[in-house]
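Each chain is listed here by its residues.
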Amino acid sequence: MTDTRLDTAEGNLDSPVPSGERPILEVNDLVMNYEMKTGMVSAVEGVSFKLPKGKSLGLVGESGCGKTSVALTLMQLLANNARILGGEIKLDGENLLDLGDEEMRKRRWNEVSMVFQGAMNSWNPVYTVGEQIRETMDVHWNPKPTTAEARAKIEELFEMVGINPEMIDRYPHEFSGGMKQRAVIAMALACDPKLIIADEPTTALDVIVQEQILEELRKIQNELGMSIIYISHDIAVIAEITNIIGVMYAGKIVELGPTTEIFANPRHPYAWLILSSTPSITGPRRVLAPLEGEPPNLLDPPSGCRFHPRCPFATQKCVDEEPPLADIEPGHAVACWHHEQVPVTLATVEA
Amino acid sequence: MLKFIAKRLVQMAFLFFLFLSLVFFLLQAQPGDITSQFINPEIPAAVRAQILARLGLDGSIWSQWWTYVTNFFTGNLGVSFSQFPKPVIAVVGERIPRTLFLFTFATLLSYVMGFTLGKRVAWKRGGFSEYTVTIGGVFLYTVFYPWFGILMILFFASYLGWFPISGFLTPEFWRNAPFTGNQVFGQLLLSLGIAAAVLVAGLLVARRVPERSTARLIRRGGYVLSVLVLAGFWILRPEMRPYAFDIVHHTILPVVTLALVAFAGTMLLTRSSMLETLKEDYILTARAKGVPEKDIRDRHAARNALLPVVTSFILGLAFIIGGGVVTETIFGWPGMGALLLNATIIEDVPVATGALAFIGILALLAHLLVDILYNVLDPRVRVQAGN
Amino acid sequence: MVIKDQETAEPIESVLADEARVGLREGDALPESLWKVRWRLGWVGLKKNWKLFVENKIGLFGLGLILLFALMALAYPVFRAWGPWQNSSIYDPVIGYDAVVAELEVMPTEADVIDPSTQIDVGNAQLWCFGAFPGDICEIPRAPAPPNNDHWLGTDPLGRDIASQLTYSTRAAFFLGAVAAIVTVVVATTVGSMAAFYGGWLDNFLMRLADLVLLMPLIPILIVVSGMFTVTMPLLGIMIGILSGFGGTAIVLKSQALSVKVKPFIDAARVSGGSNMHLILKHVIPNVLPLSFLYMMFTVTEAVSLEATLSFFGLIEAPMTWGIMLSTAQTQGYLRSGLEFWWLLIPAGLAVSLLAAGFFFAGRAMDEVINPRLRAQ
């Protein structure tokens, strides 16, 4: 476990899940389907995880694996055809799924805020950025802030995320991509939420700006003790900033554990393969092994283990029976019948 | 902003010049020679040449064209054939305020109705109401307009008797009136103009106030004040009031009919524009922010959906002006449209072309207004114009 | 001008054409001639689009209306040649005359109320029945007559059969719509592709002209024009076609042509020596045509309404149209008395409205097929 093959950030990867403390977010057996003309799409299937206060959790997986669906289910911002069929979302002990629409609306942003993918489009083009941040305060602060209070708070937030406070009265189109994303982060903090969900926070940005944004988020987690859920297809991003990782495949979490642990010793074949297909700068040179095949059609998911059609270790058991997400050591759970067979070193292709 | 308006004005002037030239060549292209039509053929050739010279018909077609255009811009549109020797500008000038009145109210009403209903239909997608409203909207949009006008008159005026059947005022009632219709109508326009000015002033002041609650107060104060001004204006003119009421009573049915037909287009467009906007990411953001649904609909979705609707106003404009001509004819409303049609039927060519030119000016000015409005509404355009 | 170039739909045929090219490049020899590929792809595209179109109930409703009117247009010649209106000049829509005879009782002129449908006063009766006295039964010709066995929709104030006028006018409306639509497509496609391809002053000039046409209300212009010239149906169709083709349609087609202009296959064709004219004819026009057809539908809607309005004002030279039917009723003063003479008011007005609506509905459904953005998920 000493050869960390990816450039993980130092410092913030302390020990995960301290026992005894109540997690800020606890998700149990969450099931969500989309109802289509042709049938039900099983988008989120029995997802469970815990996020301790002040920590960050990353959900990683191919596009279409249900990461964003999990985020939207947490916020209950789903399309009309989505059906939450079961499970619990406990935010600080309160099950969000028990709340009515109006109650849930009051929780949004006030308790859970979001940083969306593609900040360019998260801003309404016809209002200034200041007005849009202020809107969240007007909706959630009690009593509503006066203009002076609101400005002071926004200026403070702008300074924290590194935006010139004079930009407060500018329109979104006057901001650069990175600045818009910083402003979104500032907005996410406007109501002092308990949790921030960052859905692909850096995907649309260039590499340098990406790094800056991640730095901002890391700062927020460390300085403000904020709990953050990151959602990304980019395992390098997740590696850099999270304490815990959940690897998702076809609507399920297939491996869950501390980031360092998973990077050092991936036990699920899917996790092992995606790590193998990611290059490393500091590690030994090797030829990357591609992940073959297509993600499954969730209208009609494969039987048993959903990964079996693409899995190099699959057996008849994988076709017939679904593996449970079980702990292999404390804090590290895997849903695979053959996790012992997964090699310790990453896969390579013969050159 | 001023620079922008100036630039637009120059463009409009150019477009109008083009339009006027087209009108002139249309006149030239009509069959038969205007000289042989109106000058006695038995007049000796020398005298005839003299008359032609006096009428400015002796030069080449280009010099005639130049004379026509320059005359137009100095307000000389010729003399009406049917109301000889009243100049066309006077005939048209009398009609302009009435048409403007009908047109403004119908436009405002249709836009307010169309936008409100369109955004609601799009918000509550699907189901019975959407089908009914869409089909009803398309029917109003494509209905044979003169026929629809007749049906409205038959129902609301003949059958229910709520409104007068046609006209601008009730002649019997005005027989001993101390005022002329135009006087009262002028006062009516004046009072509405003042009220509108108060309203707009309130909105402009409210825009500059940073504190949102104060701004709202000023805005509402503006609404109330404008109503008060309107009421005060007419309280001070008790003897004129019943006559003004008579005119207003005559305007309601034509305004509503025109608005109903024009509203359908706005509604259908608002609906599809809203549906587009609702797919935008910032709507999801707004929902994630916990903004109440009604605010998402009105402040976020509808505000953006408004932009293409305002743009389409240009298309709607031609539609509503055309509709205005028909309305005036069906309802016997003595405005520019009725003037245009009557002049055409009795072959009063100077009046017909004069009215057409002024309808063109009306369309261009309304277009300018929309351009300015668009500028105010869309900050992205605002910046480009500033640069 | 703030008219934003409308976001353009992915040119369906260009995608298909690309596919065809890829297919050809991979094949060793030409498996089939190019036009065959084109035709086959066009057919596949058409079938796919038809499926999408059928899903839209409103579109089908519109298509149903159009077909209904097509049947109506057929009904006139068929009925005149073989059907119930055979060999009878009373069913001529223009010169037919059939005064349905009504038997009315003659009442004294002083009678308080005389019901015009069953009784007649002496003064009037003497016009028709010489020497009529109160109590006599007087036979007088009646026009307009209400619907009856001979005249399914009654007769107009001149004793002409409404049903035959209605069906006869349907043909005229279709004819006008077709002329206007074809002219629009030709004008708009030409103007749009020329502006897009040649650019420069030509583009500027054409687009300013389009702005002007767009701004100017059609009805007043057509009213003045029809006062100055004798406007017949074909001429009206051409005028409407030119005006609506030059305006909004040209602007939309130009932006569509611009989006085709930047496609790789245009560069390929240009590199292989295609002139602008060749590119426009072979590549741009096939790609903007679907959108042109869409605007064709809306032009028909416009043309039908405009024609009816102008003939309602008596400004069109035509033997019979729906507008003229209403105009006749209006000028003879039959529309002021409520719905008593409903057969003069309802059929013609409804026909104009429904035919226009039919094309509009079909056009909207086509719009959803061509612009996938508008489709509901």
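Residues numbered from 1 in each chain as written. Chains lettered and ligands numbered in written order. Predicted model: local features only at pLDDT ≥ 70, side-chain atom pairs only at ≥ 80, totals over all residues.

Student: Please provide a residue-by-residue account of the interface of chain C and chain B, values included.
Tutor: Interfaces are often sized by the accessible area lost when the parts come together. Of the residues lining the interface, 41 residues belong to chain C; the matching set on chain B comes to 45 residues. Looking at the side of chain C that touches chain B, the elements with two or more residues in it are α6 (200-215), α7 (218-228), α10 (276-312) and α12 (342-370) of chain C. A per-element tally of the side of chain C that touches chain B places α7(C) first, with 9 residues. Classifying every residue of the side of chain C that touches chain B by side-chain character gives 30 nonpolar, 8 polar and 3 charged. (Contact = placed C-beta atoms within 7 Å. Helix = DSSP H or I, 4+ residues; strand = E, 2+ residues; numbered from the N terminus. Nonpolar A, V, L, I, M, F, W, Y, C, P; charged D, E, K, R; others polar.)

Student: Now, about the confidence of the model for chain C: what can you tell me, with residues and values included?
Tutor: Residues and elements named next belong to chain C. Per-chain confidence: chain C averages 77 in pLDDT, with 86% of residues scoring 70 or above. Ranking the elements of chain C by mean pLDDT puts helix α1 (residues 12-26) last, at 45, and helix α5 (residues 162-198) first, at 88. Considering only residues more than four positions removed or in separate chains, one finds that residues 1-28, a stretch of pLDDT under 50, has 38 contacts. Interface confidence in the predicted complex, given as ipTM, is 0.83; pTM for the same model is 0.77. (pLDDT = per-residue confidence, 0-100.)

Student: If you had to explain the sheet that holds strand β8 (residues 227-232) of chain A to someone new, which residues and values would you point to?
Tutor: All names here are of chain A. As summarised here, the arrangement of the 8 strands in space is β6-β7-β8-β3-β9-β10-β12-β11, forming an open sheet in which the pairing is mixed. Here the strands that pair on one side only, and so sit at the sheet edges, are β6 (112-115) and β11 (326-329). Across the sheet, the axes of successive neighbouring strands diverge by a mean angle of 25 degrees, strand direction being ignored. Two strands pair when backbone bridges link them, and β6 and strand β7 (residues 195-199) are joined in this way by 4 bridges, in the parallel orientation. Looking across to β7, one finds that Val112 is bridged to Leu195. (Pairing = 2+ DSSP bridges. Axes fitted to C-alpha atoms, helices over the stretch in contact; angles between N-to-C directions.)

Student: Now, about helix α5 (residues 177-188) of chain A: what can you tell me, with residues and values included?
Tutor: All names here are of chain A. Under the 1.5 Å per step criterion, the end-to-end length of α5 is 17 Å for 12 residues, consistent within 8% with the ideal 16 Å. Counting buried positions over the 12 residues of α5 gives 11, a clear majority of the element. The complete set of buried residues in α5 reads Gly178, Met179, Lys180, Gln181, Arg182, Ala183, Val184, Ile185, Ala186, Met187 and Ala188. In this fold, the buried residues of α5 make contact with β6, α3 (129-140), α4 (147-160), β7 and α6 (207-224). (Expected span 1.5 Å × (residues − 1). Buried ≥ 20, exposed ≤ 12 C-beta atoms within 10 Å, placed from the backbone.)

Student: Let's hear about the interface of chain A and chain B: which residues, and what values?
Tutor: Counting residues at the interface gives 23 residues for chain A and 19 residues for chain B. Of all the secondary structure elements, the ones that give two or more residues to the side of chain A that touches chain B are α2 (101-107) and α3 of chain A. Per-element accounting of the side of chain A that touches chain B gives the leading share, 4 residues, to α3(A). Tallied by class, residues from the side of chain A that touches chain B come to 10 nonpolar, 9 polar and 4 charged.

Student: Mind laying out the confidence of the model for chain A, listing which residues take part and the relevant values?
Tutor: Averaged over every residue, the pLDDT of chain A is 83; the share at 70 or more is 89%. Confidence over residues 1-18 of chain A falls short of pLDDT 50; this stretch has 38 contacts with residues more than four positions distant or in other chains.

Student: Let's hear about the sheet that holds strand β4 (residues 82-91) of chain A: which residues, and what values?
Tutor: All names here are of chain A. If you walk across this open sheet you meet the 4 strands as β2-β1-β4-β5, and the pairing is antiparallel. Edge positions in the open sheet fall to β2 (39-51) and β5 (94-95), since each of these has one partner strand only. Bridge count between strand β1 (residues 25-36) and β2: 10 bridges; the pairing is antiparallel. Within β2, the position partnered with Tyr34 by the bridge is Val41. The strands that helix α1 (residues 67-75) touches are β1, β2 and β4; relative to β2, the one it contacts most, it runs at about 75 degrees.

Student: Report on helix α3 (residues 57-81) of chain C, specifying residues and quantitative values.
Tutor: Residue and element names in this part refer to chain C. With 25 residues, α3 should cover 36 Å at 1.5 Å per step; its first-to-last C-alpha distance of 36 Å lies within 8% of that length. Of all the bends in α3, the largest measures some 30 degrees and sits at Ala75, one to four residues before the proline Pro77. Of the residues making up α3, those classed as buried are Gly59, Gly62, Ile66, Phe69, Met72 and Tyr76. (Bend = angle between axes of the 7 residues up to and from the residue.)

Student: Tell me about the environment of C:Leu202, and name the residues and values.
Tutor: All names here are of chain C. Of note, Leu202 is situated in helix α6. Residues Leu202 and Gln119, spaced 83 residues apart in sequence, show a C-alpha to C-alpha distance of 72 Å. The contact partners of Leu202, leaving out residues within four places of it in the chain, are Met194 and Ala195.

Student: Residues and numbers for the packing of α3(C) against α12(C), please.
Tutor: Packed helix pairs are characterised by how far apart their axes lie and by the angle those axes make with each other. All names here are of chain C. Packing of α3 against α12 brings their axes to within 7 Å, and their N-to-C directions diverge by 140 degrees. Overall, the two elements α3 and α12 adopt an arrangement that is oblique. The interaxial crossing formed by α3 with α12 has left-handed handedness. For the pair formed by α3 and α12, the contact residues are Ile58, Gly59, Phe61, Gly62, Leu63, Leu65, Ile66 and Phe69 on the first element and Leu354, Leu355, Ala357, Gly358, Phe359, Phe360, Phe361, Ala362, Arg364 and Ala365 on the second. Here the residues of the contact of α3 with α12 are counted per class, giving 14 nonpolar, 3 polar and 1 charged. (Parallel < 35°, antiparallel > 145°, perpendicular 65-115°, else oblique. Left-handed = near helix turned anticlockwise from the far one by under 90°.)

Student: Please set out the nonpolar core residue by residue, giving values where relevant.
Tutor: A:Ala186, A:Ile197, A:Ile229, B:Leu340, B:Ala355 and C:Val352 are the most contacted members of the largest nonpolar core, which has 276 residues in total. Among all residues touching B:Leu340, those that are not within four sequence positions of it are B:Val325, B:Ala352, B:Ala355, B:Leu356, B:Ile359, C:Pro220, C:Ile223 and C:Val224. Counting 7 residues, the second largest nonpolar core, distinct from the first, contains C:Leu104, C:Val106, C:Met107 and C:Ala125. (Core = buried A, V, L, I, M, F, W, Y, C linked by C-beta atoms within 7 Å.)

Student: Report on unusual backbone geometry, specifying residues and quantitative values.
Tutor: Residue and element names in this part refer to chain A. Here the bond from Asn142 into Pro143 is cis, since omega is -5 degrees, no more than 30 degrees from zero. Tracing the backbone shows Pro143 in the loop between α3 and α4. For Trp109, which is not glycine, the phi dihedral falls at a positive 70 degrees. With respect to the helices and strands, Trp109 occurs in the loop between α2 and β6. Under the C-beta neighbour-count criterion, Trp109 is labelled buried, with 28 such atoms within 10 Å. You will see that Glu200, though not glycine, has its phi angle at about 45 degrees, which is positive. Checked against the element boundaries, Glu200 lands in the loop between β7 and α6.

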